[in-house]
Amino acid sequence: MVAPEKTILDEAAIRRALTRIAHEIIERNKGVSDSILVGIRTRGIYLARRLAERIRQIEGEEVPVGELDITLYRDDLSEKGAQPEVRDSDIPFEIQGKSVVLVDDVLYTGRTVRAAMDALIDRGRPNTIQLAVLVDRGHRELPIRADYVGKNVPTSKSEIIAVMVSEIDRNDGVFLQKT
């Protein structure tokens, strides 16, 4: 792995961004009574859990959180190697008629989000699908945009956005790295 080049978000900035996104989700959906959060593996799951906690603190209402593995829905599966690692999705509630907020760490080409939407639609027909991302780095290949963005970071294609979350990486941070 390449050493971090530049810090984009530190722990406090991530916390503030997630708090702002939580407020925006509540406002846009006029509360959260019909909303669910679904984190895209891997780091999106932890961000979704943090958003749910912030929403609970603000609204006093629990928002269900699910986990989505999109491995088998990817359009680049044949390029990823012989045996991709597939994990179970965990969405133990109905999505039919709900406002689903997909949560991911970085929005780049849009292909991950497209795969996630396909995986969701296979489980039912939500009322809406919204997208929350910690970082939007541009370079879309599909007509997909985030409804909630922690930070827009224009990048070149030779740069990498590395998101670290304490649940996996022992600390929080978003870094811009050169390849």
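As the structure is a prediction and not an experimental result, all values here were calculated from the model.

A. Summary view of the sheet that holds strand E1 (residues 6-9). The strand order E1-E8-E7 describes an open sheet built from 3 strands, whose pairing is antiparallel. Two strands lie at the open edges of the sheet, namely E1 and strand E7 (159-164), each paired on one side alone. Strand-to-strand twist across the sheet, computed as the mean angle between neighbouring axes with direction ignored, equals 30 degrees. The sheet contact formed by E1 and strand E8 (residues 173-178) spans 3 bridges and is antiparallel. Its bridge partner being in E8, Thr 7 is matched across the sheet by Phe 175. Contacts from helix H1 (residues 11-28) reach E1, E7 and E8, with the element oriented near 25 degrees to E1.

B. Structural view of the pairing of E8. Buried residues dominate E8, accounting for 5 of its 6 residues. When E7 meets E8, the two strands line up antiparallel, connected through 6 bridges. Residue pairing for E8: Glu 159 is matched across the bridge by Lys 178.

C. Examining the packing of aromatic side chains more closely. Within this structure, the stated rule accounts for 0 aromatic pairs. Between the NZ or CZ atom of Arg 137 and the centre of the ring of Tyr 108, over which it lies, the distance is 3.9 Å.

D. H1, seen in detail. With 18 residues, H1 extends 26 Å from end C-alpha to end C-alpha; this agrees with the ideal 26 Å at 1.5 Å per step. By the burial criterion, the buried members of H1 are Ala 13, Ile 14, Ala 17, Leu 18, Ile 21, Ala 22, Ile 25 and Ile 26. The residue sitting at the N-terminus of H1 and contributing the capping side-chain oxygen is Asp 10; that oxygen lies 3.3 Å from the backbone nitrogen of Ala 12.

E. Up close: the nonpolar core. Leu 37, Leu 134 and Val 174 are the most contacted members of the largest nonpolar core, which has 31 residues in total. Elements supplying a minimum of two residues to this core: E1, H1, helix H2 (43-59), strand E4 (99-107), strand E5 (128-136), E7 and E8. Examining the composition of this core, we find that 8 residues originate from one element, H1, more than from any other. For Val 174, the contacting residues outside a window of four places in its chain are Lys 6, Thr 7, Ile 8, Leu 9, Ile 14, Leu 134, Val 135, Ile 161, Ala 162 and Val 163. Counting residues in hydrophobic clusters, the runner-up holds 20 residues, among them Ile 40, Leu 68, Ile 70 and Ile 95.

Criteria and thresholds
- Residues numbered from 1 in each chain as written.
- Predicted model: local features only at pLDDT ≥ 70, side-chain atom pairs only at ≥ 80, totals over all residues.
- Heavy atoms only, no water.
- Pairing = 2+ DSSP bridges.
- Helix = DSSP H or I, 4+ residues; strand = E, 2+ residues; numbered from the N terminus.
- Axes fitted to C-alpha atoms, helices over the stretch in contact; angles between N-to-C directions.
- Contact = heavy atoms within 4.5 Å.
- Buried < 20%, exposed > 50% of the residue type's maximum accessible area, 1.4 Å probe, protein only.
- Phe/Tyr/Trp six-rings, centres within 6.5 Å; stacked < 30°, edge-to-face > 60°.
- Lys NZ or Arg CZ within 6 Å of the ring centre and 35° of its normal.
- Expected span 1.5 Å × (residues − 1).
- Polar contact = N/O pair within 3.5 Å; in protein donor to acceptor, adjacent residues only side chain to side chain.
- Core = buried A, V, L, I, M, F, W, Y, C linked by side-chain atoms within 4.5 Å.

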